[in-house]
Amino acid sequence: MNPIEIENITKKYRISKGFNWKKNLKQLLKMEKPDYLTALNKVSFSVKKGEIFGILGPNGAGKTTLIKILAGLLLPENGKAAINDYDLIKDREKVRTSVNILMSGGWIIFDYKLSIYNNLKFWGVAEGLRLSEVKKRIEDVLKIVGLEDKKDDFPENLSAGLRQKMNLARCLLSDRPIYLLDEPTSNVDPYSSEFIRKFIKEMKKDGKTVVLATHNLWEAEMLCDRIAILNRGSILILDETRAIKERIGKEILTVELEKITPGLIRELSSFGFVEKVIEEKNILKIYGNIKRNMPTLIDTCRKHTTLVCVDMKESSLNDVFLQLITEKEKAMVMK
Amino acid sequence: MKHALSSLEKLGVIWVYLCRRAKLWFRFKISFVFSFVAMFVTIAIFYFMNLFVGPVQFDYYDGPFFTFVLIGLAINQYMQTTLNIYLGTMHSMYWSNWLEIILTSPMRLKTFFSSVMTWTYLYATMNVAFYFIIGIFVFGAEFTFPATAWIVIPILILLIISLSGIGLISASMFMLANAKGDIEPIGWGVATLSGLVAGVYFPPKYLPGPVQLLSKILPQTYAIDAIRRVLLNGEGISSISIQLTIIYLIVFSIVLLPLGMFMFNLGIRKAEKEGTLARWM
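The present account deals with the structure reproduced in this document. Just so it is clear, the model here is predicted, and its values are computed rather than measured. (Residues numbered from 1 in each chain as written. Chains lettered and ligands numbered in written order. Predicted model: local features only at pLDDT ≥ 70, side-chain atom pairs only at ≥ 80, totals over all residues.)

**Things to note about the overall build of chain A**
Stage number 1. Counting secondary structure elements, chain A contains twelve helices and 14 strands.
Stage number 2. Over its C-alpha atoms, taken along the principal directions, chain A stretches across nearly 80 × 60 × 40 Å.
Stage number 3. Relative to all contacts within chain A whose residues are 6 or more apart in sequence, the contacts with residues 24 or more apart total 73%. (Helix = DSSP H or I, 4+ residues; strand = E, 2+ residues; numbered from the N terminus. Contact = placed C-beta atoms within 7 Å.)

Set out below in C-alpha cells:
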C-alpha cells in the first residue's frame with residue numbers, strides 16, 4: 001500500500017464576517033444556513049514511497065488545508081484517507097506521529113530568549129529522545145543543516161534563512177517516513193533555498209515520502225516526480241511533471257518586430273500548427289508546434305516587417321500553471 | 001518512529017520543560033526581582049492595614065487579621081493558578097503554533113499540560129513559601145502549625161482538582177466560544193468573584209444574603225474556611241466542618257473535573273474541524 005492514499009476529501013470552512021447577533025441567532029435557530037467556503041472539493045490521489053509529490057496552486061487554492069489534513073491536524077467533512085497505513089480519522093494520533101510537518105514561518109515556536117540548543121532540546125525529548133542521547137542528536141542535526149557553529153546563538157539574532165534551517169533541524173530530530181513541507185523556501189534567501197532543495201532531494205534518496213506544497217513552480221519542476229495543480233480546492237491536473245508539460249505545455253516563439261500589422265497576425269493565425277498569437281506592443285508571442293515550422297514563421301514575419309529579435313522556448317511549468325488557472329477562471333466566468 | 005512516550009520519557013519531558021522555564025525565568029532578571037518586590041509590598045500592605053484596624057475578633061477563627069489574610073493570600077495563589085493555567089496555556093500554544101507541533105509529537109497534550117502544571121504549581125508553592133517566610137520573619141506573623149496541619153495538603157489537592165474542572169471549562173471556551181482574547185467570561189468571573197465572596201480577605205458572613213449564597217457554590221469558599229480552621233484553630237480530621245469540607249470538595253471534583261475534560265475535548269475536536277488549532281499556519 002502507498003504511504004499516502006486519499007479519496008474524495010472535502011473540506012469546508014464556515015465563513016465568519018464578524019459578530020452579527022441577528023445572523024448568529026438565526027443560524028442558531030436553524031432559520032438560516034451559515035456561509036461556507038469549499039477549501040477542498042473531492043480531492044483524491046496517492047503518493048508512492050520515496051516519491052516527491054508536489055501540490056501547486058495560487059494563494060487560497062487549498063494547499064495548506066490539504067497538508068494539515070494529511071498531518072491529521074484538520075478533520076475533513078467527507079472522504080477517506082490512509083496515511084502510513086493508518087486511518088486518518090480512527091488512528092489520528094498514529095497518523096500525526098507518522099508525519100513530519102515543516103511550515104514556512106514555523107520557527108515562531110522557538111523561544112527567542114533561549115539558545116538554539118536549548119530550544120531544540122525540548123522538542124528532542126518531546127520526540128522521545130532520552131536525555132542521554134538528545135545532545136548527540138541535536139549536534140548531528142545541526143551539522144546536517146549547517147548550524148553546528150551556531151548552537152549557542154539565539155533565534156532573535158538569526159536571519160530568516162537560518163531560522164528556517166533551525167526549523168528544519170527541529171523536524172529532523174525525529175525519523176518519520178513521511179514529510180509534509182508547506183512552502184519550505186518561502187521568505188528564505190536563494191542560498192538557503194538551494195540548501196533546503198538539496199536537502200529535499202536527499203530525503204528522497206533516503207526513501208522518505210515527501211509532499212511539497214508550493215507556489216514556486218520552478219522549485220516544483222526541479223524537485224517533484226509528480227504534481228497536482230490545485231485551484232479553488234479542486235485538482236485541475238495530476239501527472240508526472242514531464243507529462244504535464246508535454247500534455248499542456250507549448251512551444252513559444254517570441255518575435256520582436258519593428259511594427260506589427262493586422263495582416264501579419266491574420267496570416268500567422270491561419271497556419272494550422274499555430275494555436276494562438278498574442279500581441280504585446282511590438283512583440284508577438286506565437287504558441288503552437290513551433291520547432292518544426294520555425295523557418296515558415298520567420299519568413300512570414302520578414303515578408304511583413306523587419307525582425308529585431310527572435311527567441312524560442314518550450315513552456316515551463318509556470319506557463320502551464322498560468323494557462324490552466326486562466327482557463328479555469330474563464331470557465332467560471334462563462335458559467 | 002514513536003507513537004507514544006514511555007513513563008520515563010514523559011518524566012524526561014517534564015524535567016527538560018522545568019529547566020527551560022527556569023532558564024527563561026532567570027533570563028528576565030528585572031521581572032524576576034520585581035515579582036518578589038510585588039509580593040513583599042502586598043504583604044506589607046496587609047500588615048499595616050492590620051495595625052490600622054487593630055485587633056479583629058472573628059467568630060470562629062483565632063488569631064489576628066494579618067495571619068488570617070496571609071492564609072487567604074496563600075490559597076489564592078493556588079486558586080488563581082488553577083483557574084488560569086489551562087486557558088493561559090491554550091492561549092500561548094495557539095498564538096505560538098505550539099499546539100499543532102505538540103499534537104504531531106508522541107509527547108501528546110497530556111504530557112505537555114503535566115509539564116506546564118508542574119512548573120506553575122512549583123512556582124505558586126515558591127510564592128506561598130515566600131509569603132509565609134516574609135510574613136513570619138519580617139512582619140512577625142504568628143503561626144502554631146499544629147500537628148493536624150497535614151490535612152491542609154489533601155484539602156488543597158481536592159481544591160485544585162475541583163477548580164481544574166472550572167479551568168478546563170474556561171479553556172474550552174477559547175475554542176467553543178472563540179474567546180481568543182486574554183479574558184474569558186467563565187474563568188474570569190470565577191477568579192474575580194473569588195476575591196469578593198470566597199473569603200480570601202474577609203469571612204463571607206459579612207456579605208449580603210444573596211451574595212453569600214453565591215459563595216456557597218464555589219469550592220474555594222469551603223477550602224479556605226477549612227484551611228483557616230486547621231492553621232488558626234488547630235482543628236483536625238475529627239472536626240465535623242473539616243469532614244464536611246472534604247465531602248463537598250470530593251463532590252465538586254466528581255462533577256466539575258469530568259465536565260471540564262468533556263468540554264475541553266469537545267473544544268479540541270471543534271478546532272480540528274475548523275482548522276483553528278493554530279493562529280498563523
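**Brief notes about the interface of chain A and chain B**
Stage number 1. Facing 36 residues of chain A, the contacting portion of chain B comprises 30 residues.
Stage number 2. Put simply, the parts of the chain that give the side of chain A that touches chain B at least two residues each are strand E1 (4–14), helix H2 (63–70), helix H3 (92–96), strand E6 (99–103) and helix H4 (116–126) of chain A.
Stage number 3. Tallying contributions element by element places H4 of chain A first for the side of chain A that touches chain B, with five residues.
Stage number 4. Looking at the side of chain A that touches chain B, its residues break down into 16 nonpolar, eight polar and twelve charged. (Nonpolar A, V, L, I, M, F, W, Y, C, P; charged D, E, K, R; others polar.)

**A short note on the packing of H4 of chain A against helix H5 (residues 131–144) of chain A**
All names here are of chain A.
Stage number 1. Close contact between H4 and H5 brings their axes to 10 Å; oriented N to C, the two are set at 125°. As summarised for this structure, H4 and H5 are arranged oblique, according to the angle between their axes. Every pair of crossing elements has a handedness; the one defined by H4 and H5 is right-handed. Contacts from Tyr117, Leu120, Lys121, Gly124 and Val125 of H4 reach H5 at Leu131, Val134, Arg137 and Ile138. (Axes fitted to C-alpha atoms, helices over the stretch in contact; angles between N-to-C directions. Parallel < 35°, antiparallel > 145°, perpendicular 65-115°, else oblique. Left-handed = near helix turned anticlockwise from the far one by under 90°.)

**A few points about the sheet that holds strand E2 (residues 36–47) of chain A**
Residues and elements named next belong to chain A.
Stage number 1. With antiparallel pairing, four strands are arranged side by side in an open sheet as E2-E1-E4-E5. Because the sheet does not close on itself, it has two edges, and the strands there are E2 and strand E5 (86–87).
Stage number 2. Alignment of E1 against E2, held across eight bridges, turns out to be antiparallel. Looking at the pairing, isoleucine 4 lines up with valine 47 of E2. (Pairing = 2+ DSSP bridges.)

**Overview of the pairing of strand E13 (residues 283–288) of chain A**
All names here are of chain A.
Stage number 1. Only one face of E13 is buried: it carries Leu284, Ile286 and Gly288, and the other face, with Ile283, Lys285 and Tyr287, is open.
Stage number 2. Relative to E13, strand E11 (residues 251–257) runs antiparallel, the two sharing six bridges. By the bridge assignment for E13, isoleucine 252 is matched with tyrosine 287.
Stage number 3. Two elements, strand E12 (residues 274–280) and E13, share six bridges in a ladder whose sense is antiparallel. (Buried ≥ 20, exposed ≤ 12 C-beta atoms within 10 Å, placed from the backbone.)

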